Each structure stands twice: as C-alpha cells, then as structure tokens.
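If you want the building blocks of each chain, they are given just below.
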Amino acid sequence: MGRSRALLSVAALIAAAVTLGVRAQTPDPNRYIVLEGVGLSAVNEGPITDESHTPRAPEAARRAALRAAIRTQRITSSGARYTPGRLIVKFRESATDAARLAAVASASRTARIGARPSYANFDVVLIDPADDGEDAAKRLATSPDVEYAQPPYRMHTMFVPNDPLYKPSVTFSPGQWNLPVIGLESAWDIQPQAGSTITVAVLDTGVAYQNATITATVPAFRDERGVLYPALGRITVPYSAAPQLVGAGNAGRIVAPYDFIWDRTTPLDFDGHGTHVSGTIGQLTNDNIDTAGVAFNVKLMPVKVIDSVWDDLFGAPNFGDDETVARGIRYAADNGAKIINMSIGRTGPPDTAPAVEDAIRYAVGKGVFISISAGNDFEDGNPKEVVAEIASRVQGAVSVAAVDRNVTAGDHKCAGTPTSPTCHAYYSSSGSWVELAAPGGSERGFGNDGFIWQQTFDFRLTDTFLFPPSQYRAPRFDVMAVIGYIGTSMAAPHVSGVAAMVMQQGITSPAAIEAALERFALDLGSAGRDDQYGFGLIDARNSLRALGVAR
Amino acid sequence: MKRVLAFVVVLACAAPAAAQEEPAFLSIRPFVMGSQQQFAAVETFEAIFGTATQPFWGGGVQVTQEDRFYVELGASKFRKTGERAFRNTGQTFRVGIPLTVTITPFEITGGYRFHLGQRVVPYIGGGPGWYRYKETSNFSTDAENVNVRKTGLVVEGGVEFRLFRWVGAAADVHFAHIPGILGEGGISKDAGEKDLGGVAARVKVIVGR
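Here the structure is a predicted model, which is why all the values come from computation and not from measurement. (Residues numbered from 1 in each chain as written. Chains lettered and ligands numbered in written order. Predicted model: local features only at pLDDT ≥ 70, side-chain atom pairs only at ≥ 80, totals over all residues. Heavy atoms only, no water.)

*Asks:* Can you walk me through the overall build of chain B in this structure?
*Replies:* A tally of helices and strands in chain B yields three helices and eight strands. The buried share of chain B, taken over its 209 residues, is 43%. (Helix = DSSP H or I, 4+ residues; strand = E, 2+ residues; numbered from the N terminus. Buried < 20%, exposed > 50% of the residue type's maximum accessible area, 1.4 Å probe, protein only.)

*Asks:* Please explain unusual backbone geometry as it appears in this structure.
*Replies:* Residues other than glycine predominantly adopt negative phi, and peptide bonds predominantly adopt the trans conformation. Residue and element names in this part refer to chain A. Residue P349 is reached from G348 by a cis peptide bond, and omega for that bond is -5°. Going from P349 to P350, the amide bond is cis rather than trans, its omega being -5°. The topology assignment puts P350 in the loop between β18 (344–345) and α9 (354–365). One non-glycine residue with positive phi stands out, namely N286, at about 65°. Within the secondary structure, N286 is located in the loop between α6 (273–282) and β16 (299–304).

*Asks:* For this particular structure, what's the right way to read the packing of aromatic side chains?
*Replies:* Residues and elements named next belong to chain A. In total, this model carries 37 aromatic pairs over all chains according to the counting rule given. Each residue in the set Y32, F221, Y229, Y239, W262, F270, W310, F314, F457, F465, Y472 and F477 is aromatic and connected to the rest through ring pairs, giving one cluster. Stacked on the ring of Y362, the Lys or Arg R330 has its end atom at 4.6 Å from the ring centre. Between R444 and the ring centre of Y426, over which it is positioned, the NZ or CZ distance is 3.7 Å. (Phe/Tyr/Trp six-rings, centres within 6.5 Å; stacked < 30°, edge-to-face > 60°. Lys NZ or Arg CZ within 6 Å of the ring centre and 35° of its normal.)

*Asks:* How should the nonpolar core be read in this particular structure?
*Replies:* Residues F314(A) and F45(B) are the most contacted members of the largest nonpolar core, which totals 135 residues. Among the nonpolar cores identified, the runner-up in size contains 45 residues, and I306(A), A326(A), A363(A) and A397(A) belong to it. (Core = buried A, V, L, I, M, F, W, Y, C linked by side-chain atoms within 4.5 Å.)

*Asks:* Would you take a moment to explain the sheet that holds strand β5 (residues 86–91) of chain A for this structure?
*Replies:* The strands making up a sheet are joined through hydrogen bonds of the backbone, oriented either antiparallel or parallel. Residue and element names in this part refer to chain A. Taken in spatial order, the four strands of this open sheet run β6-β7-β5-β8, and their pairing is antiparallel. Both outer strands of the open sheet, β6 (112–113) and β8 (146–150), are each paired with one neighbouring strand and no more. In the packing of α9 onto the sheet, the strands contacted are β5 and β8, and the crossing angle to β8 comes to about 120°. (Pairing = 2+ DSSP bridges. Contact = heavy atoms within 4.5 Å. Axes fitted to C-alpha atoms, helices over the stretch in contact; angles between N-to-C directions.)

*Asks:* Would you mind going over the environment of V386(A) with me for this structure?
*Replies:* Residue and element names in this part refer to chain A. In this structure, V386 sits in helix α10 (residues 386–392). Residue class for V386 comes out buried when judged on its relative accessible area of 0%. Every residue in contact with V386, bar those within four places of it in the chain, is listed here: R346, T347, G348, P350, D351, T352 and A353.

*Asks:* Explain the packing of α6(A) against helix α12 (residues 488–504) of chain A here, please?
*Replies:* Geometry of a packed helix pair, given as the angle between the helix axes and the separation of the axes. All names here are of chain A. At a minimum axis distance of 8 Å, the contact between α6 and α12 shows a crossing angle of 35°. Seen along the crossing, α6 lies across α12 with a hand that is right-handed. Of α12, the residues touching α6 (which contributes H273, H276, V277, T280 and I281) are S489, M490, P493, H494, S496 and G497. Looking at the contact of α6 with α12, its residues break down into four nonpolar, seven polar and no charged. (Left-handed = near helix turned anticlockwise from the far one by under 90°. Nonpolar A, V, L, I, M, F, W, Y, C, P; charged D, E, K, R; others polar.)

*Asks:* For this particular structure, what's the right way to read the pairing of strand β20 (residues 397–403) of chain A?
*Replies:* Consecutive side chains of a regular strand alternate in pointing toward one face of the sheet and then the other. Residues and elements named next belong to chain A. The element β20 is extensively covered by neighbouring structure, given that seven of its seven residues are classed as buried. Side chains A397, S399, A401 and V403 project from β20 onto one buried face, and the interleaved V398, V400 and A402 project onto a second face that is buried too. The sheet contact formed by strand β19 (residues 369–373) and β20 spans four bridges and is parallel. Bridging across to β20, I370 finds its partner in A397. Of the crossover connections in this fold, the one passing from β19 over α10 to the parallel β20 is right-handed. (Right-handed = clockwise from strand over helix to strand, strands pointing away.)

*Asks:* Sorry if this is basic, but what is going on with the side chain of D478(A) here?
*Replies:* Residue and element names in this part refer to chain A. Note that D478 resides in the loop between α11 (459–462) and β23 (479–485). Residue class for D478 comes out buried when judged on its relative accessible area of 10%. A polar side-chain atom of D478 sits 2.7 Å from a polar atom in the side chain of R476. (Polar contact = N/O pair within 3.5 Å; in protein donor to acceptor, adjacent residues only side chain to side chain.)

*Asks:* For this particular structure, what's the right way to read the confidence of the model for chain B?
*Replies:* Detailed reading of predicted coordinates is not advised where the pLDDT is low. Residues and elements named next belong to chain B. With 90% of its residues at a pLDDT of 70 or more, chain B shows a mean pLDDT of 90. Confidence scores differ between elements of chain B, with helix α1 (residues 2–13) showing the lowest mean pLDDT of 46 and strand β8 (residues 198–207) the highest of 98. Here residues 7–19 is a poorly scored stretch, pLDDT under 50, and it has 13 contacts once near neighbours within four places are set aside; other chains count. This prediction of the complex comes with two scores: 0.82 for pTM and 0.84 for ipTM. (pLDDT = per-residue confidence, 0-100.)

Put into structure tokens, the structure is as follows:
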C-alpha cells in the first residue's frame with residue numbers, strides 16, 4: 001500500500017511537473033491575469049547602493065541566460081538568436097495572392113501565411129518550429145515576389161543596470177552628475193515646460209505605470225546550468241506604479257500604453273529597465289523626492305517590446321524580436337508619439353533588420369524623432385549594432401553612445417583618470433553608426449558614483465530567480481528604490497528628453513532636431529565626428545538656445 | 001507721372017534768384033536721414049529677422065566748401081528684435097528666444113559735389129566709419145552677449161535736390177564694408193558671412209544752403 005502511494009505520489013508529481021512545465025507560445029488565458037488599478041501604492045525605499053547593475057555584472061548575464069533557458073529560441077551557427085516557428089516577410093505590392101502562396105510553399109512544406117499582425121507592413125509566415133528559419137527565409141527571399149524575408153531576430157535591452165538625489169550629498173555621494181554635464185540646469189530655465197506637450201514612447205520592457213494585482217501560474221524550470229527551480233504554482237503578485245513617474249498630480253501622463261509581448265494594453269514592466277529609462281526621460285522633478293528627469297513634464301507612452309524573465313515564466317506568447325520591435329515603432333508613430341526612445345537593439349549577424357528599418361523610416365516620415373542606444377559591446381569584439389546602424393542612415397533617428405563621469409560640468413571636458421583616461425564608457429560600442437554621446441555611466445574608476453540613478457524596482461524582491469532554488473519565491477513589484485544602472489540604454493533617454501525640449505521649442509522636424517543636437521553637441525575625441533562619440537556630447541542648453549547673429 | 005517728371009525738369013532747369021547768389025565759402029548743413037539697407041550677410045539676417053533688408057534712422061551735419069567739397073559726419077541706428085535660430089540644409093529653424101541687435105554707425109565721409117544745374121547736385125564720396133554692434137538675447141550670459149566696436153569703410157554717391165531756399169533733399173546709395181564683427185560665431189559663422197555692411201538706399205532732408 002505504502003509502495004503504491006509512493007508510486008502514485010511520484011506519478012502525480014511528474015504529472016504536475018508536465019502540466020506546470022514551461023511551454024512556449026500557446027498562452028493559456030487564465031495563466032496570466034492583470035487586475036488593473038487593484039493594488040496599493042508602492043513603497044519607496046530611496047537609494048540602494050549595493051545592488052549592482054552593470055553591463056558585465058553576473059546578474060545581467062544570468063538574466064539573459066535564464067531567458068534563453070526558459071524560452072524556446074533558435075541560435076544560428078553564427079550565434080544569432082531568433083524566434084522559431086515564424087518568418088517576417090514583406091511581399092512586393094505587385095505580388096498576387098497566388099504568387100504569394102507559391103512563394104511561401106517554395107520555402108517550406110509546412111509554411112502558411114498567418115494573419116497580418118497589427119502595426120505591421122509585413123506578413124508573418126508560420127513555419128514548423130523545428131524548421132530552420134534562416135534557411136526558409138533565404139528560400140523565400142529568392143522569390144521575385146518577396147522584398148525581404150527574415151526570422152524575427154531577438155532584441156534585448158541595452159542597459160546595464162546598478163543602483164537620490166540630484167546633488168551629491170553625505171548620504172548619497174553620486175548625485176545625478178549626468179544631468180548638469182549636458183547643460184540641463186540652464187536648459188530648464190529656457191524651457192521650463194520641459195516637454196509638457198510632447199509624448200515620448202518608451203519601447204522597452206514596459207513601465208511601472210499603474211497599480212495592479214497579477215495572478216499568474218509559474219511552472220518549474222531549469223536554469224542555464226540545469227538546476228531545477230520548483231513550480232510556484234498559482235501566485236498573486238502585487239504591482240505598483242513608480243510614484244516618481246506617475247504621481248497623484250499628473251494624471252493623464254500615460255498615453256496609449258501597449259504590450260506587444262502579451263498583445264494587450266497593460267505593458268507592465270517586470271524587469272525594471274523600462275521604468276529606469278522612463279525615469280531618465282521624465283522622472284517627476286522639483287518635488288523634493290529622490291531624483292530628477294530630463295524632460296520631466298513629457299507624456300509617456302509605454303510600449304512593451306522586450307520580454308523579461310518573469311514574462312517568460314508567466315507564459316508570455318511573444319518574444320522581444322524584430323517583429324515586436326517593428327510593430328511597436330509603428331504603433332507609437334500611429335498613436336501620437338513624437339519621440340521614440342529605443343534603449344534596445346541587437347548585433348548581427350544578420351547585419352540587417354529590414355522590418356525594423358522600414359518601421360523606423362515610417363515613424364520618422366510621420367514626424368517622430370527616434371533615439372537609439374548605440375550598443376554595449378565594445379569589449380565583446382565591438383560588432384556592428386544593427387538597429388543603431390539604421391539610425392545613422394536615417395535623418396531624424398540618432399544612435400547614442402555613452403560617456404562616463406570623466407565628463408565634467410561647466411567646461412564639458414574630459415578629466416581623465418588613470419583607470420579611465422577618456423570619457424568613453426568602457427562598454428560603449430564604437431563605429432560609423434555612432435552619432436551622439438550622452439551619459440551612460442561607468443563603475444570603473446568611479447564605483448557607485450559613476451552610475452545613472454533613477455527609480456525602479458528593488459531587485460532583491462523582483463529578481464528572486466537569481467537566488468538559489470531554496471530562496472526562490474514569488475516576486476513583488478510594489479517596492480521601489482533608486483537604483484544605479486549603466487549602459488548606452490541610459491544614454492539614449494538623455495537624448496530623447498532633450499529632443500522633447502527642442503521639439504517643445506518649436507522645432508518639429510525630426511531631421512532638424514537631429515541637426516540641432518549634432519550641431520550643438522560638444523565635440524569630444526578627435527575633431528569633428530568620430531566613431532566613439534559621434535558629433536559629441538549632447539548640450540541641452542545650446543540646443544535650445546540655437547544661434548545668434550554673431551555668437 | 002508725366003506731370004511729376006515735368007515738375008522735376010522745371011525745378012532742375014530753373015535758375016531762381018537765390019541760386020544766382022555766390023555760394024558761401026563754408027556752409028554748415030544739418031540733416032536727418034532714413035535708409036533701407038540690404039545687409040551683405042543675407043543668410044544671417046534672414047535667419048534671425050526673416051529678411052536681410054532693414055531700416056536705419058539717423059542724422060548728422062554736412063559742411064560744404066564753396067558748395068563743391070563736403071565733409072559729412074553722420075550717425076544712425078538700427079535696432080530690431082528677432083529670434084535665435086539655426087540653419088539646416090538651407091532651411092531656417094527659429095527657437096523662439098528673442099534676440100535684439102543694435103547697430104550704431106558713426107561715419108565721416110568726404111567727397112565732391114557736381115553742379116549740373118542749380119537745383120540738382122550729384123555727389124560722390126567715401127570715408128571711414130566706426131560701428132558699434134550689440135547683440136543680446138534672453139538666457140544669455142554677459143559673456144555670450146556681444147558688444148563690440150569696429151571700423152569700416154564707406155562709399156556713397158547720390159543726388160541732392162534743392163526743394164526750397166533753405167531745404168534740400170538727397171537720395172543716395174551707400175555701401176559699407178564692416179569686417180571683424182560677423183563670421184566668428186553664430187549663424188554668420190555657419191553661413192560664412194563676415195561683413196556687417198551692405199548696400200543702403202538713403203534719403204536725407206538737409207537744412208541749409
């Protein structure tokens with residue numbers, strides 16, 4: 001009897017494990033439920049300086065590895081990651097339905113044209129997830145009826161997260177060194193509205209923009225080392241808006257939020273990156289709480305296009321890839337965004353992202369200025385950054401490199417140190433695509449004083465998957481803290497914020513905004529444009545002041 | 001129009017009793033003037049003010065010797081508020097920050113007056129000028145505002161009409177070359193424009209014989 005019970009128990013456990021095991025792409029509508037507006041306000045812990053979020057931090061690598069371990073994705077022989085089972089295909093206008101079907105059939109026996117997703121000028125061709133997406137795309141691309149075909153290559157955030165506090169103080173030594181060095185104090189004198197009529201879309205991991213209660217089923221999973229993490233089962237997760245983004249006094253700040261990872265209108269951030277980036281763009285300022293933001297009156301449009309570990313564990317149906325990013329850009333342009341911040345990207349191969357490029361050109365054509373992080377891969381072979389490179393070919397989109405704290409306020413000079421002799425942040429990718437530079441921070445030679453600080457989640461309560469299985473537990477997204485991050489992800493929002501202020505000043509053409517930012521940038525490095533700093537460090541004051549007759 | 005032309009011809013050819021008097025050895029004649037100047041720095045002024053043609057108002061005194069040679073001391077002023085701006089691929093973008101330019105020329109010219117008739121006196125001349133240039137704008141520090149004085153050169157030529165015994169009018173073309181103020185910064189540097197001068201059409205009302 002006892003033996004039977006034991007066997008039964010084992011069988012039940014196996015059945016439960018199978019039932020609760022992570023299975024991708026077939027979302028159970030009851031697996032993830034968001035009760036919007038149901039939840040308490042966030043607890044604000046203030047600055048936390050012992051949480052490390054740098055480009056090379058073990059935690060950052062762990063998050064990426066976990067996402068790869070949890071979610072199905074394909075890796076090409078060249079190391080490129082893409083979402084299996086689907087292709088992004090743009091047929092030529094002249095292609096008849098029959099020709100399209102023939103082209104698709106030639107690519108794969110299992111291929112069929114899926115319903116065109118929203119905010120896409122391309123179709124999605126569904127293929128067997130076991131098929132090689134790159135091979136199928138190559139076959140499709142040979143058809144004269146196809147403009148381009150590609151697998152949806154995975155995108156990721158360009159940050160590099162750590163962890164009030166505008167002025168340095170005894171209790172918080174860093175201060176927000178990153179704001180005065182780009183001339184923001186006098187820029188705020190010129191443009192005190194700080195972008196109040198401008199909507200900035202943040203294409204990222206979502207934003208903590210509302211209180212909510214989330215019910216989700218979390219299955220067991222094995223991490224990248226094969227360690228089994230137990231199923232959490234049905235959990236209730238408290239979720240709060242970041243009070244420094246969405247305060248009681250600024251109702252209406254959030255415009256048209258959308259989540260392309262879940263295909264719904266609640267782009268909640270389960271990573272913290274998007275909330276931090278949004279803070280740099282528009283953290284509530286001059287309210288005697290924590291930190292300041294660049295264009296602190298802008299409206300924010302959270303557009304979630306990058307999945308996080310918790311999205312994956314909650315069973316999100318979509319990945320952050322070329323498809324979601326391209327759709328997100330079009331969505332933002334069609335829903336009133338005037339500026340898009342993309343602290344995201346990917347490297348090649350492949351070195352092209354035609355769907356994303358099409359979307360960027362579409363958005364700029366609709367009068368949207370786009371700021372894209374230039375990449376964090378300088379010490380990883382400095383490969384070409386595919387999305388940032390597109391920006392360099394589009395007037396009205398800019399790619400933004402990162403500088404460290406060697407840039408000094410006032411004279412904007414590089415005060416090098418032996419450990420960091422230039423202003424170039426050690427991780428910031430360099431290349432022909434770099435157009436501007438902005439503070440991205442660096443811990444090397446600066447420690448905590450070198451980070452970019454904004455309010456986001458206390459990661460000790462959210463990233464519980466970084467703990468050993470015995471300490472792994474349900475996350476809570478209702479405790480906020482001021483955390484330091486590092487990366488070109490942090491540089492791009494400085495440019496987005498300044499662009500919002502320039503736009504409020506009356507310069508509405510994206511190309512003209514780019515021209516102003518580049519014309520008035522403080523030249524760093526070699527004279528003129530160079531591959532590390534582009535045209536130089538953005539200068540908010542001079543960009544807003546423009547020129548007189550003789551000076 | 002024909003009547004006006006006939007009137008001018010009659011005026012020009014008439015030899016009234018007063019005109020037959022011997023000219024004084026020295027005549028001191030104060031005048032007021034207004035001018036419309038086309039600045040040489042066309043791109044710069046169009047960017048800031050919308051047009052490169054701007055008015056100056058002023059006056060001075062002219063001393064003639066036997067109504068042949070003259071020396072003229074003139075001072076005028078241009079003051080206008082535009083907007084700070086920048087240019088990109090030929091297009092101007094103004095940023096809404098007021099910028100006020102004040103130009104105060106002080107010029108000494110000398111020249112010769114030709115007597116073609118008793119009422120019409122063409123003249124040509126030239127000389128040095130001293131120019132004070134001030135540029136101020138909101139949100140600028142003292143160091144960013146401009147307040148400089150530079151010298152330039154002037155060439156002028158025109159015609160004086162005697163309207164009444166003690167009142168004359170003159171219309172002339174006035175060319176000024178003023179280096180050293182523009183071209184060091186601002187839009188003028190971007191546009192490669194270094195001359196604050198230009199060509200002006202001036203009208204003077206002169207009191208005296």
